[in-house]
Amino acid sequence: MSDFYKKILDNNKEWVEQQLAVDENYFKDLSKGQNPPLLWIGCSDSRVPANEIIGAKPGEVFVHRNIANLVVHTDINMLSVLDYAVNALKVKHVIVCGHYGCGGVKAAMGNQSIGIIDNWIRNIKDVYRVNKDELNEIADEDKKFNRMVELNVIEQVFNLAKTSIVQNAWNINQELHLHGWVYGLNSGYVTDLNVNFSNNDDLDSMFKLNF
Ligand code: CO
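Rules used in this analysis
Note on numbering: residues in each chain are counted from 1, in written sequence order. Where local features are concerned, this predicted model is filtered to residues with pLDDT of at least 70; where side-chain atom pairs are given and counted, the filter is 80 or more; whole-chain, interface and lining totals use all residues. Side-chain metrics rest on all non-hydrogen atoms present in the structure, leaving aside hydrogens and water. UniProt positions are given in the numbering used here, feature names are shortened, and annotations may be inferred rather than shown by experiment. Take a side-chain nitrogen of Lys or Arg and a carboxyl oxygen of Asp or Glu: if they are within 4 Å of each other, that pair is a salt bridge. In DSSP terms, a helix is any run of H or I states spanning at least four residues, a strand is any run of E spanning at least two, and both are numbered starting from the N terminus. Burial status follows relative accessibility: with a 1.4 Å probe on protein chains alone, a residue under 20% of its type maximum counts as buried, one over 50% as exposed, and anything between as partly exposed. By the convention used here, residues are in contact when the closest approach between their heavy atoms is within 4.5 Å.

As recorded in an unreviewed UniProt entry, the chain goes by the name Carbonic anhydrase 2, listed as coming from Flavobacterium terrigena. Within the UniProt record for the chain, the comment given under Catalytic activity (unreviewed entry) is "hydrogencarbonate + H(+) = CO2 + H2O". Of the chain, the UniProt comment under Sequence similarities (unreviewed entry) reads exactly: "Belongs to the beta-class carbonic anhydrase family."

Engineer: Please explain the pattern of salt bridges as it appears in this structure.
Structural biologist: Where charged atoms of side chains with opposite charge meet at close range, the side chains can pair. Using the criterion set out here, one finds 7 salt bridges in the structure. Residue Arg 147 pairs with Glu 134 through a salt bridge whose shortest N-O separation is 2.5 Å. Within this pair, whereas Arg 147 is found in helix H7 (residues 141-161), its partner Glu 134 is found in helix H6 (residues 117-136), the two being separated by 13 residues in sequence. You can call Glu 134 partly exposed: its relative accessible area is 33%. The salt bridge involving Arg 147 is made with Glu 150; its shortest N-O contact spans 2.8 Å.

Engineer: What am I meant to see in the UniProt feature "binding site: Zn(2+)" (unreviewed entry) in the chain here?
Structural biologist: Following the UniProt record, one finds the feature "binding site: Zn(2+)" (unreviewed entry) at Cys 43, Asp 45, His 99 and Cys 102. A maximum C-alpha distance of 8.9 Å places the annotated residues, which cover 60 residues in sequence, within one compact spot. Inspection of the secondary structure assignment puts His 99 in strand E3 (residues 93-99). Here His 99 falls in the buried class, since its relative accessible area comes to 0%. Residues contacting His 99, with those up to four places away along its chain left out, are Cys 43, Asp 45, Arg 47, Val 48, Asn 69, Val 149, Val 182, Tyr 183 and Leu 185. The residue Cys 102 is located in the loop between E3 and helix H5 (103-109) in this model. Those residues in contact with Cys 102, other than ones at most four positions away along the chain, are Cys 43, Ala 68, Phe 145 and Val 149.

Have a look at this one:
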């Protein structure tokens, strides 16, 4: 067994002991159920751990992560997480959290084929398509990259708002707020992009569903 593999199994035992030292009923209580107020849709990047960033304990945040924190309407995995979060857990907030320096967004801005992931990343190129006037005005490559990361988050929040799951919740007056954040890898701080939805009002009428 490799040292690393042994180490992570040992880490688990140590972690259990630490939790139990603080509260002997810790796992017993958690096993009774979950009632998280928040769904987090973030990037798979190992440097953007959902719970740690917002100081959430186990049980406090329902999490879905994929490359470049995308909300793709044919992604049955994401839709299943969203459906369960909204309709079973009744979360009140959904946060799409991107991050500066995102490799997925960087790849989308380039032309190199890197395999099957090209097809996933192609979704991000749509963010360029709908924002190219603004992006083409930015000469500095780093600034353009940062703005592309932000615009990707904004687009994914709009995509969330357009799902039948979210619109149905609003239709029955269920409290549900959508937000978009960007995490700074080099600072630890998140920036709220102020792209907030709590109802259908800000969607173009073509995207509004009647139930
Ligand atoms: Co990323």
